Amino acid sequence: PELASPFPAENGDAARGDADMIVDPPKLERKLSDSLNKSEWSPLDNALQSVIKIFCVSATPNFYVPWQIHPQRSSSSSGFVIEGKRIICNAHGITNHVYIRVRKHGDATKYRAKLLATGHDCDLALLTVDDENFWRGLKPLHFGNIPALQASVIVIGYPKGGDCISVTKGVVSRVVIATYSHSNQVLLCVQIDAAINSGNSGGPALQGDKVVGVAFQGMNKAQNIGYIIPATVVKQFINDVDRNGNFSGIPCVGLKTQILENESLRKSLKIPNDNEGILVIAMEPLAPCAKVLKVNDVIRKIDGVPVAGDGTIFFRRGERLSHVHLITSKSRGDSVRFEIMREGKTMEMEVQLGDPEKLALVPVNLYDALPSYYVYAGLVFTVLSRP
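Q: Looking at this model, I keep getting lost on the sheet that holds strand β5 (residues 110-119). Mind explaining?
A: Sheet strands pair by backbone hydrogen bonding; their relative direction is either parallel or antiparallel. Taken in spatial order, the six strands line up as β1-β2-β3-β6-β5-β4 and close into a barrel, and their pairing is antiparallel. Looking at each pair of strands side by side, their axes are set apart by 40° on average, direction ignored. Bridging between strand β1 (residues 51-58) and strand β2 (residues 73-82) involves eight bridges; their strand directions are antiparallel. Each bridged residue has a counterpart across the sheet, and for F55 the counterpart in β2 is S76.

Q: How should the packing of aromatic side chains be read in this particular structure?
A: Between two aromatic rings, the relevant description is the distance of the centres plus the angle of the planes. In total, this model carries seven aromatic pairs according to the counting rule given. Look at Y180 and F216: their rings are 4.6 Å apart centre to centre, the planes differ by 40°, and that puts the pair in the tilted class. With Y180 in strand β9 (residues 166-180) and F216 in strand β12 (residues 210-218), this residue pair connects regions lying 36 residues apart in the sequence. An identical accessibility class is assigned to Y180 and F216; each is buried. Among the aromatic residues, those joined into a ring-pair cluster are Y111, F134 and W135. A cation over an aromatic ring shows up here: K104 above the ring of F134, its NZ or CZ 5.9 Å from the ring centre. Above the face of the F55 ring, K110 is positioned so that its terminal group lies 4.0 Å from the ring centre.

Q: How should the pattern of salt bridges be read in this particular structure?
A: Pairing is possible between side chains that carry opposite charge, provided their charged atoms lie close to one another. Going through the model one piece at a time under the given rule, you end up with 13 salt bridges. K85 is the salt-bridge partner of E132, the closest N and O atoms lying 2.7 Å from each other. Within this pair, whereas E132 is found in the loop between β6 (124-129) and β7 (142-143), its partner K85 is found in the loop between β2 and β3 (86-89), the two being separated by 47 residues in sequence. With a relative accessible area of 45%, E132 lands in the partly exposed category. Assessed through its relative accessible area of 41%, K85 is described here as partly exposed. Here R342 and D297 are joined by a salt bridge, their closest N and O atoms 2.8 Å apart. Pair noted here: R342 is in strand β20 (residues 335-342) and D297 is in the loop between β15 (278-283) and β16 (298-302), with a separation of 45 residues, a long-range link.

Q: In this structure, what is going on with unusual backbone geometry? I would like to understand it.
A: With glycine set apart, most residues show a phi of negative sign, and most peptide bonds adopt trans. Not every positive phi belongs to a glycine, and D123 is a case in point at roughly 55°. For D123, the location among the structural elements is in the loop between β5 and β6. Non-glycine residue N224 carries a positive phi angle of around 55°. As for its position among the elements, N224 is in the loop between β12 and β13 (226-230).

Q: Would you take a moment to explain the nonpolar core for this structure?
A: Nonpolar side chains in soluble globular proteins generally cluster together in the buried interior. One finds I88, I192 and F237 to be the most contacted residues of the largest nonpolar core, which totals 50 residues. Ranked by residue count, the leading element in this core is helix α4 (residues 231-244), at six residues. Sequence-distant contacts of F237, defined by excluding residues within four places in its chain, comprise I88, A117, T118, G119, C122, L124, A125, L126 and F247.

Q: What is the right way to look at the environment of S385 in this model?
A: Tracing the chain through its elements places S385 in the segment after β23 (379-382). By relative accessible area, which is 27% here, S385 ends up partly exposed. Not counting the four nearest positions on each side in its chain, S385 is found in contact with F63, V362 and L366.

Analysis parameters
- Residues numbered from 1 in each chain as written.
- Predicted model: local features only at pLDDT ≥ 70, side-chain atom pairs only at ≥ 80, totals over all residues.
- Heavy atoms only, no water.
- Pairing = 2+ DSSP bridges.
- Helix = DSSP H or I, 4+ residues; strand = E, 2+ residues; numbered from the N terminus.
- Axes fitted to C-alpha atoms, helices over the stretch in contact; angles between N-to-C directions.
- Phe/Tyr/Trp six-rings, centres within 6.5 Å; stacked < 30°, edge-to-face > 60°.
- Buried < 20%, exposed > 50% of the residue type's maximum accessible area, 1.4 Å probe, protein only.
- Lys NZ or Arg CZ within 6 Å of the ring centre and 35° of its normal.
- Salt bridge = Lys/Arg side-chain N within 4 Å of Asp/Glu carboxyl O.
- Core = buried A, V, L, I, M, F, W, Y, C linked by side-chain atoms within 4.5 Å.
- Contact = heavy atoms within 4.5 Å.

Given below as structure tokens:
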């Protein structure tokens, strides 16, 4: 018996003969696609179409033999489409790249991508693709806010263990200030219990149809602990790039502080015993704050927000964060207002935030740059760097 065609014959003609039963696979795929009502797709279905697999070939400089470069290596990570025909991903996934290619979900073609901007401080990067065929059928994802504790999140990406897209689900465990392993920068993080493995980096964490974070790191020797870069940090990065053409970096105030929970120490500093304030113990000599603050000053408020004796500030109901968040959430060149106590007197100071790269004698990060060196009589001199 003849098989009935899954679609009506064109021009109203009835299907005739075995030749009419043969359907070209691409044509069948288009008809099946057209037969689906995309308006009925779930937010997850729409998001899957916007998550990208990134293939990177990189070559890392050899700092022990600075005239050589390590052999090229291949790696893969994840990303997703945002407005302006751009792809956002993790900086550590494309660091020291030679070339980058990207692939859409459900597509076998790999397209050449180029780097638009990199923010090593916050471990984020922006890519684009010149080939217009790549952007067909792709819709940008939009950002939400920091999710609440125990809120459900879905993480999408291309982790190890397979070549296809992966979807994992979990809840928000906590919101914390933590160290970004790529840059050693201390920034806002959201901890979740959804599985985040190698290759997941750069994939979106979704709550409904909104991106609430970007997957970027896990924790060794621990169970069900993964971290996402919250949407607020991602938007700060994108806004900075849109404003300056590149990422200007996370600002720095250039001081070190100590908690003030000891009653005797508070008494010696002539400050009230109200569990408020942190002690300035050191400053970078070139930091802007060195011109207005002094060692043994007690910072009571930052931009009008009280700082507790343990160095935390109010974040939202039942949650507190390190006071560092008030600094790192700003842009370079912004000013921050301190209310301090010096020798028992209350004072207000305004400090302009600086560039940490200009404050540090030894650079913290040397990404995407070849080391400079000088050879003299068999001796090789190079710029001091951190391991």
